[in-house]
Amino acid sequence: MYTLDRSPLRQHNRPAGGDRFIPTRSLMDMDYARSVFTHRTPVKKPEEERAFNLTPQEEEYRRRIEEHFRVDSEGKPRKILSFGTPNRTQKKLSFDHLFPNESQSTRPIKPPRQIPTTSNLMLDAPYIRNNPCLKLLDWGNQNIIAICLGLSVYLYNHATKATEHLLEASDSDDYPSSLAWSTDGCHLAVGFATSRIEIWDGIKLQHVGSVEEHKGRVGALSWNNNHLLSSGGRDGIIVNQDIRLKRAKATKFCAHKGEITSLTWSDDGARLASGGRDGAVRIWDRLFAARAAKPLHRLSHGSVRAVTWCPFKSHSLATGGAGGCVRFWNTQSGNCVSSFDTGREVGALEWNVHHKEILSAEENKMVLRSFPSMRKMADLRGHSERILNLSQSPDGTIVASASADESLRFWNVFGPPVKKDNGDESIFSLKRMHIR
């Protein structure tokens, strides 16, 4: 006796292939079938035809694509319904003969970027004040470095290696406590311990104006374009002054409960960020700079030493402080996106404008990390005491560091710039794709 699953009726050999009335669905190219049914030839206007003229290479590429998808592996016209047995061999589509110079195998592999971990130049910086709350160093767009040393301010031309003595305070209690170059690098603002601010022509070495609106030491300065100067002082007040108008009234607003240690405008000039010893970070809108107003966001960090805007994310802000924590903020929402603990006091931060990296001054060394993974890429050592300020060159390849060991060092840590590849002009490039 036969059981049901062993019945001879179920052991007969079936004919190969599908039924003559029922197509084999596994052999059917549904995408091709749908394309055939929905294909319509659009009527082009003469100007459209001229706009989409194809080169001989592009015409050949289109012809080969159509030929490949309209015939099967045996060269026969492809049918919508298939009744035969599957043929596993597939016709290979190759364009090597059309583009012999664009083979992926012939492209050279880009070597990893070499990061020097030692400085390539060191200058003496005697009498520099050992105070991380003061902005004593700035590198302008005219390739001139300004630095406060004791009662004096010096200018160092990095291209010509020439040094100029700009000014010297007459009173030991009235030392220069901060400085900042205008956007074009032609005017230098210098803040003093007795609350005044002087504006100097950095090219002609001439004094052109003064601002006296604070009630204490000016420790932070920042320019918006070349005319709006913002300053922060020990009195916790931010002053915005348009230096083009001599009789214009400066706007003031209470920003912090303690000394303002960091102040910087975003690259687009839309927002101002301030940090202070009170552990707060404030974000201000440019429209509110003309009048006293409340900040857009009140952020909490700890004793702030550095505030800097991300060059490739306009609404991203990085902050660092005495607690050793570096935080990244979304200034649109006011939320902390990420943070990491360095374990050391962070005195300064600088973004790499060529690569997604950030450099932090952690006591007497600097650490380069990739962003946003925060993977450590290099340790830069050379200073024997804590680093006070960082500033980078106009081309964004060299970083200058001023330290309490009375030295000014230059590090070629951000270069070289990324070269833009304009050679990919094949018809596979998105630059030449015609979207209809």
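Up top is the structure these notes are about.
Let me sum up the structure you'll find in this document. This is a predicted model, so every value here is computed, not measured.

Analysis parameters
- Residues numbered from 1 in each chain as written.
- Predicted model: local features only at pLDDT ≥ 70, side-chain atom pairs only at ≥ 80, totals over all residues.
- Heavy atoms only, no water.
- Phe/Tyr/Trp six-rings, centres within 6.5 Å; stacked < 30°, edge-to-face > 60°.
- Helix = DSSP H or I, 4+ residues; strand = E, 2+ residues; numbered from the N terminus.
- Buried < 20%, exposed > 50% of the residue type's maximum accessible area, 1.4 Å probe, protein only.
- Salt bridge = Lys/Arg side-chain N within 4 Å of Asp/Glu carboxyl O.
- Polar contact = N/O pair within 3.5 Å; in protein donor to acceptor, adjacent residues only side chain to side chain.
- Contact = heavy atoms within 4.5 Å.

With respect to the packing of aromatic side chains
Point 1. A complete count under the given rule lists 9 aromatic pairs for this structure.
Point 2. Plain terms: the ring middles of Trp351 and Phe371 are 5.0 Å apart, the flat faces sit at 85° to each other, and that makes the pair edge-to-face. Taken as a pair, Trp351 in strand β22 (residues 346–352) and Phe371 in the loop between β24 (365–370) and β25 (376–381) lie far apart in primary sequence, 20 residues in all.
Point 3. For Trp351, a relative accessible area of 3% corresponds to the buried category.

Some thoughts on the pattern of salt bridges
Close approach of charged atoms allows side chains of opposite charge to pair.
Point 1. The tally for this structure, following the rule as stated, stands at 13 salt bridges.
Point 2. Across the pair Glu363 and Arg344 runs a salt bridge whose closest N-O atoms are separated by 3.3 Å. Of the two residues, Glu363 sits in the loop between β23 (357–362) and β24 while Arg344 sits in the loop between β21 (335–341) and β22, which places them 19 residues apart along the sequence.
Point 3. Residue classification places Arg344 among the partly exposed positions, given a relative accessible area of 27%.

Some words on the side chain of Thr397
Point 1. Looking at the element boundaries, Thr397 is found in the loop between β26 (387–392) and β27 (399–403).
Point 2. Looking at Thr397, the relative accessible area reads 9%, which means it is buried.
Point 3. Among the polar contacts made by the side chain of Thr397, one reaches the side chain of Asp395 at a distance of 2.9 Å.
Point 4. The residues contacting Thr397, other than those within four sequence positions of it, are His354, Trp411, Asn412, Val413, Phe414, Gly415 and Pro417.

So, to be careful, I would describe these as geometric facts and stop short of saying anything about function.
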